[in-house]
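Given next are the chains, with one letter for each unit.
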Amino acid sequence: MTSTAPTRRRPGPSAATATGTGTGTGTAAAVLLALLLALFAAPAAHAVPAPAEDRKSTFGVQPAGPKEPDARAHFSYGVTGGAGLRDQIAVWNYGDEPLTVAVYASDAVNTADGGFDLLPAGQAPKDAGSWIKLEKDTVTVPPKANVIVPFTLAVPRDATPGDHTAGIVATLAGGGQDAQGNKVRLDQRVGTRVYLRLAGELTPRLAVEDVQASYAGTPNPFGTGSATVTYTLRNTGNVRLGARQAVRINGMLGGSVTAGGLKDLGDLLPGSSLTITAKADGVKPALRSSAVVSVQAVATREGVDPKLPSLTRSVSLWTVPWTLLALVLAITACGLWLWRRRRLARAAATASARRRTTPEIAKKEPIVHFTRPSRRDAAGAAVLVAAVVTLAAAALPGAAAEAAQAGTAVINPATGTDTTSVDLATSAACPAPATNVLVKVTGKGFPAEGKNVVGNSPISTYGQAPSGGIVIPLTMTMRDYANEAGFTTLEGRYDLTVVCRKAFGSETYGDFTGSMWFTSNTEYRTTDPGGAQPTPTPTPTPKPTPTSTQTSGPSPSPTPTTTSTPDPSATPTPTTTATATGGTGLGLSTNVTTGGTGTTAGSTSGSGATGGSGSGKGGGLADTGTDAVTLALIAAGLVLTGGTAVWWARRRGLLSFPGASGTPGN
């Protein structure tokens, strides 16, 4: 904001043009009508005069020393309450004629898209802009020259610690009339930024609020729709922050779509808030889905490292395939109508035949009537039962065969606490034909077979590690996993194992294991305190049947949980989320450690979670190792098989119900 692009202004009665903010009256139609009248009017005296030769009016500002401009890109000061200082700003005129501009200071604000701007000229500053006093309000600058304008900065004694941002502006107000006599006003503004940091406690904080999501389907019964997610990003601390953000839509039975068009935020001022809207296309209508927002706070220009974990918030939304549902209902209704017509016709025919052959109808008929099947029917029933048993044996997930150790996993960061956001970087890629991975943890307090902490997710979801493997952030912290398993004290060695597998089935193709040792209830390290090698290969333990719950993301898809009350004796410390090479670098953690206060806040959203949520032991398919999609397919197959068996038995007279042949029941 230290210069402006060249602009041209046309003097005379025609409308002025320049860069900046402009206001005017009249309409485009009125201007067009005036031009037509000027061209076709008979008396020459009423024609619009031709514009004079263009005149350049280009100007700019930049920091300066007492005699000439200097190389500073902007003003930046570290001060204390009650401090005062003097500095200078240079006002440039790049045009060919003298130029008079007004100069003043104002407070900085964020625009609706996260950009940097100043208050309007008519609005008085209340913060750092009011602390700056320039020696001149207007400056006349010769052509091709600059004028140095001194100013003073007086900081109030009661000013709050942290970042305060302002700007010094040079403005040129112009005006004129168009062909119809309408007044046109045009303001050109250029300025330079002023960054102030007051000494005291710095508390970087970022909040994600008011997450909302909606789904728009498609007329195509087999097509995909789009989801729109809106949320508010608020800087609740006292330092400027940048932010990396990602939004994902996770389906109920797996599948994940990333919203496009989200940009990183470069300078969110303290107390400012932005409303972000993201749209994800290609969302499958899976009845019930979850929208997951992940935001990572980062340092800004000349800012402090916030050292905050990623913020993860989620909300559930209905993704109903209404067109497909209507089609299925219509087909089902048509089939039921045809079936009922045939049933009634058959019942009427049977009743008529009975009236001709039997004088009286039995007073009672058994609820279920069995007849002795023929050898052919018995053989068919045996084949049907064998098919059902074979289907169940093939579909039910059995114990997974123990896969060979494919390599190791590096735990990042190497040291931390039980509330640190952790990720795993495998030493190599998963062996073929693996397409998915899941992560489990074993150790004191967890089940012997391990607890699933990252659900079954496609390998393509995660970023690539420098070693050629993948980087998988954990969805929660070790404290959260311990609380879910029903204990609070972490001690000794814990192994985190990345299991390579396919999306369906129970076979695994290789494991990558990393280890951490808790030297106290809250602190861990990745090297054995007893002197063993880092991340040793653990003794193989039986593998649980993995889940197909999707928790992936551009960085992994976050899972909201209810965070338990922290141990009063443990003091959480700010942590840094590791960044996955090749991904978005957004670690996922529901524990938000607020800088400077030492308090820990949990995620407030508890709906639409995948991969398990809540507290207490067990709960959720991810903890049992059950494949949700496989169970659904098995259930559907058994229902269809049972229905087919009943239909087959009734067709052969092996099974009958009262009223089915037109005879009333008891």
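The structure reproduced in this document is the subject of the present report.

About the cut-offs
Residues numbered from 1 in each chain as written. Predicted model: local features only at pLDDT ≥ 70, side-chain atom pairs only at ≥ 80, totals over all residues. Heavy atoms only, no water. Buried < 20%, exposed > 50% of the residue type's maximum accessible area, 1.4 Å probe, protein only. Helix = DSSP H or I, 4+ residues; strand = E, 2+ residues; numbered from the N terminus. Contact = heavy atoms within 4.5 Å. Core = buried A, V, L, I, M, F, W, Y, C linked by side-chain atoms within 4.5 Å. Disulfide = S-S within 2.5 Å. Pairing = 2+ DSSP bridges. Axes fitted to C-alpha atoms, helices over the stretch in contact; angles between N-to-C directions.

Things to note about helix 4 (residues 478-485)
An α-helical segment advances 3.6 residues per turn. Residues three or four places apart therefore align on the same side.
Then, number 1: Within helix 4, eight of the eight residues are buried, leaving the element largely enclosed by the surrounding structure.
Then, number 2: Three or more residues of helix 4 are buried, namely M478, R479, D480, Y481, A482, N483, E484 and A485.
Then, number 3: Residues of helix 4 that are buried sit in contact with strand 25 (436-443), strand 26 (451-458), strand 29 (492-501) and strand 30 (508-518).
Then, number 4: Immediately downstream of helix 4, the backbone of G486 shows phi near 95°, a positive value.

Thoughts on the nonpolar core
Then, number 1: Membership of the largest hydrophobic core comes to 33 residues, with the highest contact counts inside it found for V437, L474, M478 and Y494.
Then, number 2: For this core, the secondary structure elements donating two or more residues are strand 22 (405-412), strand 25, strand 26, strand 28 (470-473), helix 4, strand 29 and strand 30.
Then, number 3: Ignoring sequence-local partners within four residues, the contact set of V437 consists of C430, G455, N456, S457, I459, Y462, I470, I472, V498, V499 and C500.
Then, number 4: With 31 residues, the next largest nonpolar core counts F151, L153, L196 and L198 among its residues.

Some words on the state of the cysteines
Then, number 1: Under the criterion given, the structure shown has one disulfide.
Then, number 2: What pairs with C430 in a disulfide is C500, and their sulfur atoms sit 2.0 Å apart. One quick way to see it: the torsion about the S-S bond of C430 and C500 is about -65°, and its sign makes the bridge left-handed. Placement of the pair is C430 in the loop between strand 24 (423-426) and strand 25 and C500 in strand 29, with a sequence separation of 70 residues. Accessibility assignment for this pair places C430 and C500 in one class, buried.

Comments concerning the sheet that holds strand 4 (residues 59-64)
Then, number 1: The strand order 4-6-11-9 describes an open sheet built from four strands, whose pairing is antiparallel. Two strands close off the open sheet at either side, each with one partner strand: strand 4 and strand 9 (132-134). Between one strand axis and the next, the sheet turns through 30° on average, direction left out of account.
Then, number 2: Here strand 6 (residues 84-93) pairs with strand 11 (residues 145-154) via 10 bridges, running antiparallel. By the bridge assignment, D87 is partnered in strand 11 with F151.

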